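# Secondary and tertiary structure notes
Chain by chain, the residues:
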Amino acid sequence: MADPKDDTTPSVQKGIPQPASLNPDWTPKTRRKRSQAGEYIAGILGGDRVLLSQAITLIESKQVKHQILAHEIIEACLPYSGNSIRIGITGVPGVGKSTFIEALGQNLSASGRKLAVLAIDPSSQISKGSILGDKTRMAKLSADPSVYIRPSAAGESLGGVARKTRETLILCEAAGFDTLIIETVGVGQSEVAVHSMVDFFLLLLLPGAGDELQGIKRGIVEMADLIAVNKADGDNQPKAKRAAADYRNALHLFPPKVSHWTVQVLTCSALSGIGIAEIWGVIQEFRNFIESNGFFQHQRQSQSRYWLHETIQQSLREQFYHHPQVAALLNEKEAEVLIQKQSPFHAAEDLVRLFLDSNK
């Protein structure tokens, strides 16, 4: 019997009586660490969700050994990706994004599609983890065997979009999911990053267009391929119809989209399911339209180019600020800038020159 005073016994707290085990024959199993990429790759291509989730955790990890393994997995899965429709969904807080996704997801599942939802949550300032809990907010959808939901903490990179979302897309597609939805935190900088990794961008809005339309950044509306006025049920129906008409009028002030697609405005109710099938019909119509005019392939290539340069900039930024000599001199340069002893531009040049010279 283990000595209760022995701190090395994990199941016994020092000085506290322990209850009898419910199963005296049970012994905890040590979780085997997977060190070979091949096991992950085979599991992902075979649709193993446990291995898919573990591989995504490797992608999100900041440990170097995990990153090396994740890159090997991503490269192997890349040829099996790209065969899905990628949908970005955004909207102001309270518009009902999660409820809408659950309604749309149930519709897609019933039609035989396999759906992966990547929900970008605000990060907890204490644990840095996801705090909204999309699996809780999409209870019915999370229990669907043809649906995979992955909440990710937004963190501080790419304006609130989880840093590795694009790599996660690749793994989900390789795992056989033919429809991917990225739910963003809300209307802000994160939508720019999401737009650069999806085929179709849906903006959800609330009834009552006036003040809300002015409060939404023009760039967010310009990115939308479809505007849907949610919560168009009960007493809200007349208000939703007026809002939709206002949005249609406002869209005439925007330049034509590069894809030549005409943005539509619909009303829907995620709670009652009204308009959900029509929205999916528009998404399919859009996919057929941009495939027929060649924009689909052009956009996918442009997005890959964008993420190449974005990753280069991010990598250089991280290397710069983690460089020991730069870190040692940075505070001194900041102090000189604050007392106007040196301009911000010359101080920056000194730091960059130090970084480059030290890497020759």
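Note that this is a predicted model, so its numbers are computed, not measured.

## Considering the overall build of the protein chain
In terms of regular secondary structure, the protein chain is built from 15 helices and seven strands. In the protein chain, which comprises 360 residues, the proportion classed as buried is 44%. Accessible surface for the protein chain amounts to roughly 20100 Å². Of this, 55% is attributable to carbon and sulfur atoms.

## Details of the pairing of strand 4 (residues 179-183)
In terms of burial, strand 4 is a largely internal element, five of the five residues being buried. Side chains Thr179, Ile181 and Glu183 of strand 4 all project onto a buried face; the interleaved residues Leu180 and Ile182 project onto the opposite face, where all are buried too. One ladder, built from five bridges, connects strand 1 (residues 85-91) with strand 4; its direction is parallel. Across the sheet, Arg86 pairs through a bridge with Leu180, a residue of strand 4.

## Topic: helix 12 (residues 276-292)
Taking 1.5 Å as the rise per residue, helix 12 with 17 residues should run 24 Å; its terminal C-alpha atoms sit 25 Å apart, in good agreement. All of the buried residues in helix 12 are Ile276, Ile279, Trp280, Val282, Ile283, Phe286, Arg287 and Ile290. Viewed along the axis of helix 12, the buried residues span an arc of 155 degrees, placing them on a single side of the element. In the stretch just after helix 12, Gly294 is the one whose phi turns positive, near 85 degrees.

## Regarding the nonpolar core
Counting 50 residues, the largest nonpolar core has Ile44, Leu52, Ile73, Leu171 and Ile227 as the members making the most contacts within it. The greatest single-element share of this core, amounting to six residues, is contributed by helix 2 (residues 49-60). Aside from chain neighbours lying at most four places away, what touches Ile44 is Leu51, Leu52, Ala55, Ile73, Cys77, Leu171, Ala174 and Ala175. Counting residues in hydrophobic clusters, the runner-up holds 34 residues, among them Ile85, Phe100, Phe200 and Trp261.

## Let's talk about the confidence of the model for the protein chain
Across the protein chain, pLDDT averages 83, with 79% of residues at or above 70. Of all the helices and strands in the protein chain, helix 9 (residues 209-215) carries the lowest mean pLDDT, 53, while helix 12 carries the highest, 97. Low pLDDT, under 50, characterises residues 1-14; the stretch is placed with nine contacts to residues that sit more than four places away or in other chains. Predicted confidence for residues 123-133 stays below pLDDT 50, and this span has 23 contacts to residues more than four positions away or in other chains.

## A few points about the pattern of salt bridges
Scanning the model with the defined rule gives nine salt bridges in all. Connected through salt bridges with shared partners, the residues Lys333, Glu336, Asp350 and Arg353 form a single ionic network.

## Some details on the packing of aromatic side chains
Within this structure, the stated rule accounts for seven aromatic pairs. Seen in terms of ring centroids, Trp261 and Phe286 are 5.2 Å apart; in terms of plane orientation they differ by 90 degrees. Their pairing is edge-to-face. Linking Trp261 in the loop between helix 11 (236-251) and strand 7 (264-267) with Phe286 in helix 12, this pair joins segments that are 25 residues apart in sequence. There is no split in this pair, since Trp261 and Phe286 are both buried.

## Some remarks on the packing of helix 1 (residues 37-45) against helix 3 (residues 64-77)
Remark: helix 1 packs on helix 3, axes separated minimally by 9 Å, with the N-to-C direction vectors making an angle of 40 degrees. Accordingly, the angle class assigned to the pair helix 1 and helix 3 is oblique. When the axes of helix 1 and helix 3 are compared, the crossing they make is right-handed. The segment helix 1 lies against helix 3, with Ala37, Tyr40, Ile41 and Ile44 engaging Leu69, Glu72, Ile73, Ala76 and Cys77. When its residues are assigned to classes, the contact of helix 1 with helix 3 shows eight nonpolar, no polar and one charged.

About the criteria used
- Residues numbered from 1 in each chain as written.
- Predicted model: local features only at pLDDT ≥ 70, side-chain atom pairs only at ≥ 80, totals over all residues.
- Heavy atoms only, no water.
- Helix = DSSP H or I, 4+ residues; strand = E, 2+ residues; numbered from the N terminus.
- Buried < 20%, exposed > 50% of the residue type's maximum accessible area, 1.4 Å probe, protein only.
- Areas by Shrake-Rupley, 256 points an atom, 1.4 Å probe, with all protein chains shown as cover.
- Pairing = 2+ DSSP bridges.
- Expected span 1.5 Å × (residues − 1).
- Arc of directions from axis to C-beta.
- Core = buried A, V, L, I, M, F, W, Y, C linked by side-chain atoms within 4.5 Å.
- Contact = heavy atoms within 4.5 Å.
- pLDDT = per-residue confidence, 0-100.
- Salt bridge = Lys/Arg side-chain N within 4 Å of Asp/Glu carboxyl O.
- Phe/Tyr/Trp six-rings, centres within 6.5 Å; stacked < 30°, edge-to-face > 60°.
- Axes fitted to C-alpha atoms, helices over the stretch in contact; angles between N-to-C directions.
- Parallel < 35°, antiparallel > 145°, perpendicular 65-115°, else oblique.
- Left-handed = near helix turned anticlockwise from the far one by under 90°.
- Nonpolar A, V, L, I, M, F, W, Y, C, P; charged D, E, K, R; others polar.

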